[in-house]
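Commentary on secondary and tertiary structure
What follows is each chain in one-letter form.
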Amino acid sequence: MLSIHSTSVDLEGVPTEIMVQGFADRILVLVTQMGKVGNLIQASIPATTPLLSAHDLDEDSDSLTTGLPVPPAAIQLTPLLGGASSEHLQTLHSLYAAQIATIIWVEEAKRMAVDRRSVVVGIALQRGAGDGLDADERKTFHGVMNHLYRLVNN
């Protein structure tokens, strides 16, 4: 499977490109606001790990993840290339990688995919102003996830 889906959107005033490409053994997802691959992180989980879709969740979930499937505790994130320049960015990149991989796995499970492929995520985001998760970062996160859903459901 070598299908490629991509989109270019404006998120919080920043041009953002999202690309999904499937291979036989893994799926590559690139999210960039800088025109480059950035930090590569591979996400994998055992095939027997159950996945919860957004519809399986309580109404009282965190506002950051409302409407998104919860990444499983068994997820394994492996840095492949590059690194974040701060602890805040490292945490943010891990959050993106875990959430993107979970969305891919949940959507593939809906299509009755037999094998759960690893997901390699490339992330190159512009830096936020502070060390905490600010409103623009939250909006960008949700925007990326919404557009990713649209791409994988085409």
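Below is a short write-up of the structure. For clarity, every value in this text was computed on a predicted model and none was experimentally measured.

What follows deals with the overall build of the chain. Per the secondary structure count, the chain includes two helices and six strands. Taken from the N to the C terminus, the helices and strands of the chain come in the order β-β-β-β-β-α-β-α. Looking at the 154 residues of the chain, the share that counts as buried comes to 44%. Here the analysis covers contacts within the chain between residues at least 6 apart in sequence; of these, 74% occur between residues at least 24 apart. A total of about 8300 Å² of accessible surface is found on the chain, and carbon and sulfur atoms cover 53% of it.

Once that is clear, we can look at the packing of aromatic side chains. Working definition: an aromatic ring pair is given by the centre-to-centre distance plus the angle between the planes. Applying the stated criterion to the full structure yields one aromatic pair. With centroids separated by 5.1 Å and ring planes inclined at 75 degrees, the aromatic side chains of Tyr-96 and Phe-141 adopt a geometry described as edge-to-face. You can see Tyr-96 sitting in helix 1 (residues 87–110) and its partner Phe-141 sitting in helix 2 (residues 135–152), a full 45 residues away along the chain.

The subject of this paragraph is the packing of helix 1 against helix 2. Their axes nearest at 11 Å, the elements helix 1 and helix 2 cross at an angle of 25 degrees. In this view, helix 1 runs roughly parallel relative to helix 2, as classed from their interaxial angle. By crossing handedness, the relation of helix 1 to helix 2 is classed as right-handed. In contact with His-88, Leu-92, Leu-95, Tyr-96, Gln-99, Ile-100, Ile-103, Ile-104 and Glu-107 of helix 1, helix 2 contributes Glu-137, Thr-140, Phe-141, Val-144, Met-145, Leu-148, Tyr-149 and Val-152. Classifying every residue of the contact of helix 1 with helix 2 gives 12 nonpolar, three polar and two charged.

This part covers unusual backbone geometry. Even without being a glycine, Glu-12 presents a positive backbone phi close to 55 degrees. Considering the arrangement of structural elements, one finds Glu-12 in the loop between strand 1 (4–11) and strand 2 (14–22). According to the relative accessible area criterion, Glu-12 is partly exposed, its value standing at 40%.

Take the side chain of Asn-39 next. With respect to the helices and strands, Asn-39 occurs in strand 4 (residues 39–44). Accessibility expressed as a relative area gives 4% for Asn-39, which makes it buried. A distance of 3.0 Å separates polar atoms of two side chains, one belonging to Asn-39 and the other to His-93. Not counting the four nearest positions on each side in its chain, Asn-39 is found in contact with Leu-81, Gly-82, Gly-83, Ala-84, Gln-90, His-93, Val-121, Gly-122 and Ile-123.

Criteria and cut-off values
- Residues numbered from 1 in each chain as written.
- Predicted model: local features only at pLDDT ≥ 70, side-chain atom pairs only at ≥ 80, totals over all residues.
- Heavy atoms only, no water.
- Helix = DSSP H or I, 4+ residues; strand = E, 2+ residues; numbered from the N terminus.
- Buried < 20%, exposed > 50% of the residue type's maximum accessible area, 1.4 Å probe, protein only.
- Contact = heavy atoms within 4.5 Å.
- Areas by Shrake-Rupley, 256 points an atom, 1.4 Å probe, with all protein chains shown as cover.
- Phe/Tyr/Trp six-rings, centres within 6.5 Å; stacked < 30°, edge-to-face > 60°.
- Axes fitted to C-alpha atoms, helices over the stretch in contact; angles between N-to-C directions.
- Parallel < 35°, antiparallel > 145°, perpendicular 65-115°, else oblique.
- Left-handed = near helix turned anticlockwise from the far one by under 90°.
- Nonpolar A, V, L, I, M, F, W, Y, C, P; charged D, E, K, R; others polar.
- Polar contact = N/O pair within 3.5 Å; in protein donor to acceptor, adjacent residues only side chain to side chain.

Any link to function would need more than the numbers given here.
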